[in-house]
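Coordinate analysis (summary)
Letter by letter, the chains look like this.
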Amino acid sequence: MAQLTCRNLCIGYDGIEILHNLNFEINNGDYLCIVGENGSGKSSLMKTILNLQSPVSGKIIFGDDLTQNEIGYLPQQTLVQRDFPASVWEIVLSGCQGRRGILPFYSKEDKALAKKNIEKMGITHLTKRCYRELSGGQQQRVLLARALCATKKILLLDEPVTGLDPNATNEMYQLIKKLNKDGITIIMISHDIDSSLQYASHILHLGKKIFFGTNSDYIRANVGFNPNGGEC
């Protein structure tokens, strides 16, 4: 059974429909990159999957024992968020909030999970540091550790390498690749076609033409693909 299915999904806001009759499904362990020009509905689709906005029509179906509160999310950062005055530990631990329900305090299990994910992201030495003092790459590792506290199944990533230097970008892609190899399903919005084709198992292209399939099928279909990088 598919982990996530979009069936005849229509998405819009302020009365304007921006995606019509979208159909695709994601299985456990897939690595999907969502690509397309600005305004094509990439972020709106992700918000709809996260139940942050309602579809105009159609539905999103969760399967394979996946529930809404088991989705990890790494949003695209704003300048205000980059200046957030909290410690690395506090931010990562806050990723456990969805697991706590109505409990007012973090459990020993929550704290152990936060510690484990901090170690997994290689940022143990930053645990007591203030988040806003970190580099862009370090901040993204913190947010990825936080997202992992919410899930063992699926991660939604919105442009996770935006603003990072080449070294930090490569490190982030390698971290995401390893998480996927460890069994976590990845759904990532990206403007980087070359890296999408390098790492993803599947591509969802949104725009005048909509395509969903494997990365090799995407190249053959020539849907907005430019072999020199970028989109046609």
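Located above this text is the structure these notes cover.
All values reported here derive from a predicted model rather than from experimental measurement.

Re the sheet that holds strand β1 (residues 4-13)
Remark on secondary structure: sheet strands pair via backbone hydrogen bonds, oriented parallel or antiparallel. Overall, antiparallel pairing links the three strands, which are arranged β2-β1-β4 in an open sheet. Edge positions in the sheet fall to β2 (16-26) and β4 (57-62), since each of these pairs with one other strand and no more. Strand-to-strand twist of the sheet, defined as the mean angle between neighbouring strand axes without regard to direction, takes the value 25°. In the sheet, β1 pairs with β2 via seven bridges, with the strands oriented antiparallel. Each residue of the ladder has a partner; that of Y13, found in β2, is I16.

Topic: helix α7 (residues 166-181)
The terminal C-alpha atoms of α7 lie 23 Å apart, and with 16 residues this matches the ideal 22 Å at 1.5 Å per residue to within 8%. Turning to α7, its buried residues number three or more, namely A168, T169, M172, Y173, L175, I176, L179 and N180. The arc enclosing the buried residues of α7, seen along the axis, measures out at 160°, which places them on a common side. Turned more than 90 degrees from where α7 packs its buried face, P166, N167, K178 and K181 sit exposed. Among the structural elements, β3 (31-36), α5 (108-120), α6 (136-148), β6 (154-158), β7 (185-189) and α8 (193-199) are those in contact with the buried residues of α7. In this structure D165 caps α7, since a side-chain oxygen of it lies 3.1 Å from the backbone nitrogen of N167. Of the residues trailing α7, G183 is marked for its positive phi of about 110°.

Comments concerning the sheet that holds strand β5 (residues 71-74)
On the basis of which strands lie adjacent, the open sheet formed by six strands has the order β5-β6-β7-β3-β8-β9 and mixed pairing. Taken across any chain shown, the strands that pair with only one partner, and hence form the sheet edges, are β5 and β9 (211-214). Between one strand axis and the next, the sheet turns through 15° on average, direction left out of account. Across five bridges, β6 lies against β7 in parallel orientation. Within β7, the position partnered with D158 by the bridge is I189. Relative to the sheet, helix α1 (residues 42-49) contacts β3, β5, β6, β7 and β8 (202-206), its axis offset from that of β6 by approximately 150°.

Parameters at a glance
Residues numbered from 1 in each chain as written. Predicted model: local features only at pLDDT ≥ 70, side-chain atom pairs only at ≥ 80, totals over all residues. Heavy atoms only, no water. Pairing = 2+ DSSP bridges. Helix = DSSP H or I, 4+ residues; strand = E, 2+ residues; numbered from the N terminus. Axes fitted to C-alpha atoms, helices over the stretch in contact; angles between N-to-C directions. Expected span 1.5 Å × (residues − 1). Buried < 20%, exposed > 50% of the residue type's maximum accessible area, 1.4 Å probe, protein only. Arc of directions from axis to C-beta. Contact = heavy atoms within 4.5 Å. Polar contact = N/O pair within 3.5 Å; in protein donor to acceptor, adjacent residues only side chain to side chain.

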